[in-house]
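Residue-level structural notes
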Amino acid sequence: MANKGFAYGLSAAVAAKIESKRDADTEAKCLEWIETIIGEKCDPALKYEENLKDGIILCKLMKTIKPKSIKDPSKSAMPFKQMENITKFLTAATKYGVLVSDLFQTVDLYQASNIPAVTQGILALGSVCQDKPEWDESSPDYKGWPKIGASRANTNKREFDAETIAEGKKIIGFQSGTNKLASQSGQNFGGRRQVS
C-alpha cells in the first residue's frame, strides 16, 4: 500500500463502507480462475490484492486470453512500472470488449483503495470471455477454461405480423396518457380571477 496516514471522519467512513463490500469467497474464485487460465499458482502467503498489485499476473492473464494483446510486463519493483502494468491490463481488457465502466482504476488496485471494484472488473472480464470461442464447447478453439462472472444476455429480436402490429396501435398505454379517467372541467387557467 502507499504511504498514507490513517483516515478520519468521512474518509474513514467511506473506506469502511468500501471494505465492507469485499467478499473473500468471490476473491478466491477470481484468483483460482486466473491461476487456472495462466497455469501458475499465486503466492498463498500474500493477500488477494498483494498478488495482483504489480500487475504482472493480470498482464499474463490478458496475454493468455488474447495473445499479443500486451507486450511483456515490466518486472521492476518501481511503483510507476507496476502501475503501468495495471494500465496495460485495463487497456487490453477494454480492447477485448469489457466496458470501461465495468473496470477499475489503476489506483484502486495499486493503493488497495477499492478492491471490490478490482474484483468486479475481473468478473466483468470473465463475462465478456464467455462470448468468445475459447469458452464455447462447440468451437474448435475451445480450451476448456472455466467460466466466471454472469453470462451476458443475447439479443432476442421479435418479429410480428402486420395484424398484430395493427392491433397494438389501437391500444393507448397509460404512459402515453388517457382522457378517460380525468378531465380539466372546472379549471380556469388563464381566465380572470373572480374577486368578490
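The structure contained in this document is the topic of the report that follows. In this convention, every chain numbers its residues from 1, walking through the sequence in written order. Per-residue local features are limited, in this predicted model, to residues with pLDDT of at least 70; the limit for side-chain atom pairs, both in listing and counting, is 80 or more; totals at the level of whole chains, interfaces and linings are taken over all residues. Hydrogens and water are ignored here; the side-chain numbers use all heavy atoms of the structure.

1. Structural notes on the overall build of the protein chain
The helix and strand tally for the protein chain stands at eight helices and zero strands. Within the protein chain, contacts between residues at least 6 apart in sequence are counted, and of these 52% link residues at least 24 apart. Approximately 14,000 Å² of the protein chain is accessible, and the part contributed by carbon and sulfur atoms is 52%. Helix and strand definitions here come from DSSP, where helices need a minimum of 4 consecutive H or I residues and strands a minimum of 2 consecutive E residues; each element is numbered from the N-terminal end. Note on contacts: a residue pair qualifies if any of its non-hydrogen atoms lie within 4.5 Å across the two residues. To measure how exposed things are, a 1.4 Å probe is used in the Shrake-Rupley method; for residues, cover is taken only from the protein chains shown.

2. Brief notes about the side chain of Glu134
With respect to the secondary-structure elements, Glu134 resides in the loop between α7 (115-129) and α8 (162-170). Whether a residue is buried, partly exposed or exposed follows from its accessible area with a 1.4 Å probe, protein chains only, as a fraction of its type maximum: under 20%, in between, or over 50%, in that order. Charge counting treats Lys and Arg as positive and Asp and Glu as negative, with His and both chain ends excluded. Here a salt bridge means any side-chain nitrogen of Lys or Arg lying within 4 Å of a carboxyl oxygen belonging to Asp or Glu. At 5.1 Å, Lys143 is the nearest oppositely charged side chain to Glu134, a buried residue that forms no salt bridge. Setting aside residues no more than four positions away along its own chain, Glu134 makes contact with Ile65, Tyr96, Asp141, Tyr142, Lys143, Gly144 and Trp145.

3. Regarding the pattern of salt bridges
Going through the model one piece at a time under the given rule, you end up with eight salt bridges. For Glu27, the salt bridge goes to Arg22, with nearest N and O atoms at 2.8 Å. The exposure class of Glu27 is buried, given its relative accessible area of 9%.

4. Describing the packing of aromatic side chains
Working definition: rings of Phe, Tyr and Trp (its six-membered ring) pair if their centres are within 6.5 Å, and the pair is stacked with planes under 30 degrees apart, edge-to-face with planes over 60 apart, and tilted otherwise. Following the criterion strictly, the structure yields two aromatic pairs and no others. Summarising the aromatic geometry, the rings of Phe89 and Phe104 are spaced 6.2 Å apart at their centres and angled 25 degrees between planes, so their arrangement reads as stacked. Residue Phe89 is found in helix α5 (residues 79-96), and its partner Phe104 is found in the loop between α5 and α6 (106-110); the two are separated by 15 residues along the sequence. By the burial criterion, Phe89 is buried, and Phe104 matches it. When the centroid spacing of 4.9 Å and the interplanar angle of 55 degrees are considered together, the rings of Trp135 and Trp145 count as tilted. Placement of the pair is Trp135 in the loop between α7 and α8 and Trp145 in the loop between α7 and α8, with a sequence separation of 10 residues. Assigned by exposure class, Trp135 and Trp145 land together as buried. Throughout this description, the term charge over a ring refers to an Arg CZ or Lys NZ atom that lies within 6 Å of the ring centre and within 35 degrees of the ring normal. Taking the ring centre of Tyr110 as reference, the NZ or CZ of Lys53 above it sits at 4.7 Å. Above the ring of Tyr96, the side-chain terminus of Lys132 is found at 4.7 Å from the ring centroid.

5. Considering the environment of Ser151
Mapped onto the elements, Ser151 comes out in the loop between α7 and α8. C-alpha separation for the pair Ser151 and Ser127, spaced 24 residues apart in sequence, amounts to 5.5 Å.

6. Considering the environment of Gly149
Along the chain, the position of Gly149 falls in the loop between α7 and α8. A sequence separation of 19 residues divides Gly149 from Gln130, and the C-alpha atoms of the two residues are 8.7 Å apart. Sequence-distant contacts of Gly149, defined by excluding residues within four places in its chain, comprise Leu123, Ser127 and Gln130.

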